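# Analysis of the macromolecular model
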Amino acid sequence: MILLDNSACDLLKDASLDILSPELLHILDVVLNACYHNRRLKSYSCFDGDNLYEIETMRIATQGLRFTPINPECVLGYYVSVQALYTKHEVMKCCLALVESCDELWIFARNSRVHRLLTEGMLAEVMLFREHYPERHVRVLDLEALRQRLDYARLVTVDLIDIEIGADSYVDEIIAGSPASQRQEINEALLAPYRREAKYPLVYMAMASRDIKYLDWARAFAFKHRRVPVNRHAVLGSLLLRVAHNNSPSDMLQDVLNVMDTASELWIFGADAQRSLTGEGCLDLALELQLWFRYCRGRPVRLVNWCETQVPKYSDAGWALTSKERLEVEVHQSGHTDAHVQKKEGRRNT
């Protein structure tokens, strides 16, 4: 993993700029202006794991209601986070870091079970959010009402008033109604250590769309370095993003930038910058880089070779079936410098 200096970041910014059309650059300006003056709020999705199958309902409704959804399952990946972090305590530290990055917390529950809706993990998330942000909203939303009103084909969005069971003081009553011994155990086992220990920083993971298939390797790599991995494909879902915003590029990019802004660092995954910014799927990465360098300027940027993440295709020659595949392994393992960036550097020096 390589930390890029300012000059390398400038070269990457220029290289990504070359890929974008004037129309896309205009849209970027619109998005940045909107975010500077009226940033979209982020809501944390708090839910019982038994309702995991409703995850797309939660995501698409949140986006349709003009909030950016921060759903822990979408961000972290259930299986890979447990396998990489081993303990519930470590996984919950990542969830709590996401909780702290949000403007509101939404509890998704079924109206018939609302008074026994808070599992231990949910209770910990709500307690932390209320402790840190007593002035911010915590809402309880009815999944059953949401499913009845949401048209997935056309995204006929509902108003919050139609699906909100209660908020704020109502949630405080639910917390107070939970067993005191349970709250004490959660505080001693999780929240008190979380307050004392070093927090896991959030990192935004950028990659060409063609490399999204390696997302779990990137997540595991971030967990290994005690980071919380955030990626727009994982958080927002490409198809859901288009549906939720009626294919409006400016609306979609506002959500992308909102997700990006939660992170303290940018990690770019690829063999090198040249391979990342060429070929199929590089346009999305170019947009992400422009958003980062314009809005998040000054935060650290690192380049991660896929070999470091142990993706078999690029780290194990024995995985290859053909000479072409073996060559790809060699290219990634050699850590070639980006020729495109070198050319631009040469033109600047002349």
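Now for a description of the structure that goes with this document.

## Re helix 5 (residues 78-85)
Because an α-helix packs 3.6 residues into every turn, residues spaced three or four apart end up facing the same way. Along helix 5, the residues that are buried comprise V80, S81 and L85. An end-on view of helix 5 places all buried positions within 105 degrees of arc, on one side of the element. Exposed positions of helix 5 whose direction lies more than 90 degrees from the buried face are Y78 and Y79. Those residues of helix 5 hidden inside the fold are in contact with helix 4 (72-76), helix 6 (88-100) and helix 12 (215-224).

## Notes on the environment of M205
One can find M205 in strand 7 (residues 202-206). Sequence separation between M205 and P229 is 24 residues, and the spatial gap between their C-alpha atoms is 6.5 Å. Those residues in contact with M205 that sit more than four places away from it in its chain are L215, A218, R219, A222, P229, V230, N231, W267 and F269.

## Some points on the environment of E144
Topologically, E144 is positioned in helix 8 (residues 143-149). Judged by relative accessible area, which is 31%, E144 ranks as partly exposed. Distance from E144 to R110, taken between C-alpha atoms, is 5.9 Å for residues 34 residues apart in sequence.

## Focus: the packing of helix 1 (residues 6-19) against helix 17 (residues 282-295)
The interhelical angle for the contact between helix 1 and helix 17, taken along N-to-C directions, is 130 degrees, at an axis separation of 9 Å. By the angle between their axes, helix 1 is oblique relative to helix 17. You can see that helix 1 and helix 17 cross each other, and the crossing is left-handed. Only C282, L283, A286, L289, Q290, F293 and R294 of helix 17 make contact with helix 1, whose side of the interface consists of C9, L12, K13, S16, L17 and I19.

## As for the pattern of salt bridges
Inspection of the entire model under this criterion finds 17 salt bridges. We note a salt bridge from D216 to R219, for which the minimum N-O separation is 2.8 Å. Pair noted here: D216 and R219 are both in helix 12, with a separation of 3 residues, about one helical turn. Here R232 and E288 are joined by a salt bridge, their closest N and O atoms 3.5 Å apart. Note that R232 is positioned in helix 13 (residues 232-236) and E288 in helix 17, a separation of 56 residues in sequence.

## Thoughts on the nonpolar core
Counting 77 residues, the largest nonpolar core has Y44, L105, I107, Y204, L291 and W292 as its most contacted members. Excluding its chain neighbours within four sequence positions, the residues that come into contact with W292 are Y204, M260, A263, S264, E265, L266, R297, R299, P300 and V301.

## Some remarks on the sheet that holds strand 4 (residues 104-109)
The strands making up a sheet associate through backbone hydrogen bonding, with each pair oriented either parallel or antiparallel. Strand order in the open sheet made by the 5 strands is 3-2-4-5-6, with mixed pairing throughout. Either end of the sheet is taken by a strand with one partner, and the two such strands are strand 3 (68-70) and strand 6 (164-167). Averaged over all pairs of adjacent strands, the angle between their axes in this sheet comes to 30 degrees, without regard to strand direction. Two strands pair when backbone bridges link them, and strand 2 (residues 42-47) and strand 4 are joined in this way by 5 bridges, in the parallel orientation. Considered in strand 4, the bridge of Y44 is made with L105. On the sheet, helix 10 (residues 169-177) packs against strand 4, strand 5 (138-142) and strand 6 and is oriented at approximately 80 degrees with respect to strand 6.

## Considering the pairing of strand 9 (residues 265-269)
When you tally the buried positions in strand 9, you get 5 out of 5 residues, the bulk of the element. Taking every second residue as pointing to the same face, both faces of strand 9 are buried, with E265, W267 and F269 on one and L266 and I268 on the other. Judged from the 4 bridges that link them, strand 7 and strand 9 form a sheet pairing that is parallel. In the sheet register, A206 faces strand 9, and the bridge partner there is I268.

## What to know about the packing of helix 6 against helix 11 (residues 180-196)
In the contact formed by helix 6 and helix 11, the axes pass within 11 Å of each other and the chain directions differ by 60 degrees. If you check the angle between helix 6 and helix 11, you find them oblique. Handedness of the helix 6/helix 11 crossing: right-handed. Counted together, H89, M92, K93, L96, A97 and E100 of helix 6 and A189, L190, L191, P193 and Y194 of helix 11 form the full contact between these two elements.

## Things to note about the sheet that holds strand 7
Read from one edge to the other, the open sheet built from 5 strands follows the order 1-10-9-7-8, with strand pairing classed as mixed. One side of each edge strand has no neighbouring strand; the edge strands of this open sheet are strand 1 (2-3) and strand 8 (228-230). Both strand 1 and strand 10 (residues 301-304) contribute to a ladder of 2 bridges, which runs antiparallel. Each bridged residue has a counterpart across the sheet, and for I2 the counterpart in strand 10 is L303.

So, how was this worked out
- What you see as residue numbers is a count from 1 along each chain, following the sequence as written.
- For this predicted model, a pLDDT threshold of at least 70 governs which residues receive local features, and a threshold of 80 or more governs which side-chain atom pairs are given and counted, while totals over whole chains, interfaces and linings are taken from all residues.
- Side-chain metrics in this entry use all non-hydrogen atoms of the structure; hydrogen atoms and water are not considered.
- Exposure is judged per residue with a 1.4 Å probe applied to protein chains only, and the accessible area is read against the type maximum: over 50% gives exposed, under 20% gives buried, and values in between give partly exposed.
- A run of H or I in DSSP counts as a helix once it spans at least four residues, and a run of E counts as a strand once it spans at least two, with each numbered from the N terminus.
- Picture the helix axis, draw a direction to every C-beta atom, and the arc is the one those directions span.
- Contact definition: two residues touch when any of their heavy atoms are within 4.5 Å.
- Axis geometry follows a simple rule: fit a line to the C-alpha atoms, using only the stretch in contact for helices, then measure angles between N-to-C directions, giving values from 0 to 180 degrees.
- To sort the angles, those under 35 degrees are grouped as roughly parallel, those over 145 as roughly antiparallel, those from 65 to 115 as roughly perpendicular, and the leftovers as oblique.
- The hand of a helix crossing depends on one turn: near helix anticlockwise from the far one by less than a right angle means left-handed, and clockwise means right-handed.
- Here, a salt bridge means any Lys or Arg side-chain nitrogen found within 4 Å of an Asp or Glu carboxyl oxygen.
- Take the buried residues of types Ala, Val, Leu, Ile, Met, Phe, Trp, Tyr and Cys, join any two whose side-chain atoms come within 4.5 Å, and each joined set is a nonpolar core.
- The pairing criterion is simple: DSSP has to find at least two bridges between the two strands.

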